[in-house]
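Tertiary structure, described
Spelled out from the first residue to the last, the chains are:
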Amino acid sequence: MRIALIGRGRVATHMGKALLKAGHKVVSVNSRTLAELPQVADLYIIAVKDSALLEVISKVTKGREGQLFLHTAGSMPLSVFEGYAERCGVLYPMQTFSMDREVDFREIPLFIEASDAASLQQIRALADSISQHVYELSTADRKYLHLAAVFACNFANHCYTLAADVLQKKGLPFDVMLPLVDETARKVHELHPKDAQTGPAARGDQNVMQAQAALLDGKAKEIYELLSQSIQEHQE
């Protein structure tokens, strides 16, 4: 397929590499300024931050009636194209991306949605060419998927940041956490997360929780106490 890619951030960069590897022709790569956007392509993929999406859609769709436009945002609805494009869809890769870290796009789950059956068929063909895990998912359900991803990835990573802060105060590197982090991630491949839960909150060890909370202050202390309470409630 001839693909015009709009965006130069993390998602656009990794998706562009996957498209080229799958044999597609990326006819242009534009930032949100849309300096050299081709007039005709098999489809246009818009991979920009959520706050810029509507502005970019309003520009890129102008004068391109009948073309197929996709966005890659997990939290944005298909209806964001309403009034701008009749043929539209979503191609959401559920993964965390960093510029300096390569990923195997074939292993990334892709969630797709489309305005009509013909567009869905075209999007599925594209998705199947770059990933082995493709699922159809509505806007209404995708927002819950994205919420779950925030808990599983973004919030978990922030907890790593808080752990690194605690260690840094005592001159310890975050590397000492890596075997623990890796085993925690491996366990949920085999156990339900609730069954894999360990630690003082899971045991109901109030003395340990009170002593640890006393070592913290501010938001970190609030997060520790709130998470401990949530763990206890789930275990009960």
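Now for a description of the structure that goes with this document.

Definitions and limits used
- Counting restarts for each chain: residues are numbered from 1 in the order of the written sequence.
- Thresholds applied to this predicted model are a pLDDT of at least 70 for local features of residues and 80 or more for the giving and counting of side-chain atom pairs; totals over whole chains, interfaces and linings are not thresholded and use all residues.
- Only heavy atoms go into the side-chain values, all of them from the structure, while hydrogens and water stay out.
- Segments assigned H or I by DSSP are reported as helices when at least four residues long, segments assigned E as strands when at least two residues long, and all are numbered from the N terminus.
- Classification of residues uses two cut-offs on accessible area relative to the type maximum, computed with a 1.4 Å probe and protein chains only: under 20% is buried, over 50% is exposed, and between them is partly exposed.
- Residue contacts are defined here by distance: any two heavy atoms, one from each residue, within 4.5 Å place the two residues in contact.
- For every accessible area listed, the method is Shrake-Rupley and the probe measures 1.4 Å; residues are considered covered only by the protein chains on display.
- None of His or the chain ends enter the tally, which takes Lys and Arg as positive and Asp and Glu as negative.
- The atoms used to mark charge sites are NZ of Lys, CZ of Arg, CG of Asp and CD of Glu.

Summing up its helical and strand segments, the chain has nine helices and seven strands in all. The principal-axis extents of the C-alpha atoms in the chain amount to approximately 65 × 35 × 30 Å. When the 236 residues of the chain are sorted by exposure, 36% land in the buried category. Of the contacts formed within the chain by residues at least 6 apart in sequence, a portion of 57% connects residues at least 24 apart. Accessible surface, the chain: about 14,100 Å² in total, of which carbon and sulfur atoms supply 54%. Where the 25 positive side-chain charges of the chain centre and where its 28 negative ones centre are 6 Å apart.

Before going further, it helps to spend a moment on the environment of Leu215. With respect to the secondary-structure elements, Leu215 resides in the loop between α8 (206-213) and α9 (218-235). Given a relative accessible area of 73%, Leu215 falls into the exposed group. Residues Leu215 and Val166, 49 residues apart in the sequence, show an inter-C-alpha distance of 9.4 Å.

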